[in-house]
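Structural overview for review
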Amino acid sequence: PFKALVFDLDGVIADTAVLHHAAWKRLAGEIGLSFDETIGERLKGVDRMGSLEIVLGDASARYTHDEKHALAERKNGYYVAAIAQLGPENLLPGAREALVAARAAGLKIALASASRSAGALVERFGLADFFDHVVDAASIARPKPDPEIFLAAARALGVAPGDCLGIEDAVAGVDAIRAAGMRALGVGDGAVLAHADAVIGGLTEFDVARFVAMSGS
Ligand code: G6P
Ligand code: MG
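Summarised in this report is the structure supplied together with it. Each chain carries its own residue numbering, running from 1 in the written order of its sequence. Written order determines the labels here, with chains lettered from A and ligands numbered from 1. At least 70 in pLDDT is required for a residue's local features to be given in this predicted model, at least 80 for side-chain atom pairs to be given and counted, and no such filter applies to totals for whole chains, interfaces and linings, which use all residues. Water and hydrogen atoms play no part in the side-chain values, which are based on all heavy atoms of the structure.

With that settled, the discussion passes to the sheet that holds strand E3 (residues 133-134). Pairing within the open sheet is parallel, and its six strands lie in the order E3-E2-E1-E4-E5-E6. Edge positions in the sheet fall to E3 and strand E6 (198-200), since each has one partner strand and no second. By the bridge criterion, three bridges tie strand E5 (residues 183-187) to E6 in an arrangement that is parallel. Across the sheet, residue Gly186 finds its bridge partner in E6, namely Val199. A strand pair is defined by DSSP finding two or more bridges across the two strands. Strands are runs of DSSP state E lasting at least two residues, helices are runs of H or I lasting at least four, and both sets are numbered from the N terminus onward.

Moving on to the coordination of the magnesium ion (ligand 2). Only N, O and S atoms count as donors, using a 2.8 Å cut-off from the metal and 3.2 Å for Na, K and Ca, and because water is excluded some sites may appear unfinished. For the magnesium ion (ligand 2), the full set of protein donor atoms is Asp8 (OD), Asp10 (O) and Asp169 (OD), at a range of 2.0 to 2.1 Å. For the magnesium ion (ligand 2), all donor residues lie on one chain, and their spacing in sequence is D-x1-D-x158-D. Taken together, the positions of Asp8 in the loop between strand E1 (4-7) and helix H1 (17-30) and Asp169 in the loop between strand E4 (164-168) and helix H8 (171-179) put the pair 161 residues apart, joining distant regions of the chain. Comparing Asp8 with Asp169, the two get one shared label, buried. Three exposure classes are used, based on accessible area relative to the maximum for each residue type with a 1.4 Å probe and protein chains only: buried under 20%, partly exposed in between, and exposed over 50%.

Interpretation note: all reported values are geometric properties and have no functional meaning in isolation.
In structure tokens, the structure reads:
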């Protein structure tokens, strides 16, 4: 059975994927770029500068390095202002219950979010005590789908990657989990998260006994 769970935050625990989306959409509008739902979907789980490149698309060449950092900073300002309004009602259904069940089952729990706001959100939601480790996004050099962030989580927990179950809503995140040598539980649409070992629609369907038995050594 698994010894640890490694959770993504945005779109798994917190209903914040929509806020990242809205902040990018606002920025795109301000600089006269179109922003459709296909672009919105591609942003999921992608780090800040990677997301900016997706939003800019062909317009990327029009901006200098410094201008791009300023644009990413502007988007982050919108996002940070939006999450300042959040409370426990913005946790996704089943999230707190899944963490309670995992704790009761004696599992270690880590958070592997690429967001530099992840620690603040965990505090804001009153979830800090559930996590044995929260990976510092600023210490990660390579964005998902690189396995670095999941490997850092496993190392901090002192658990072999093969004994961890990673939980993700993004394609890049599922691929990062698999590249880390962990099993992946997808949260969302099974057709989109085709590389996951199992997919549930949301954490309300998280059955700790079932998923802990799923594998591990
Ligand atoms: C997570 C989210 C992405 C976001 C990234 C960086 O992976 O799913 O949408 O772009 O974190 O977040 P940040 O808050 O640091 O810009
Ligand atoms: Mg996510």
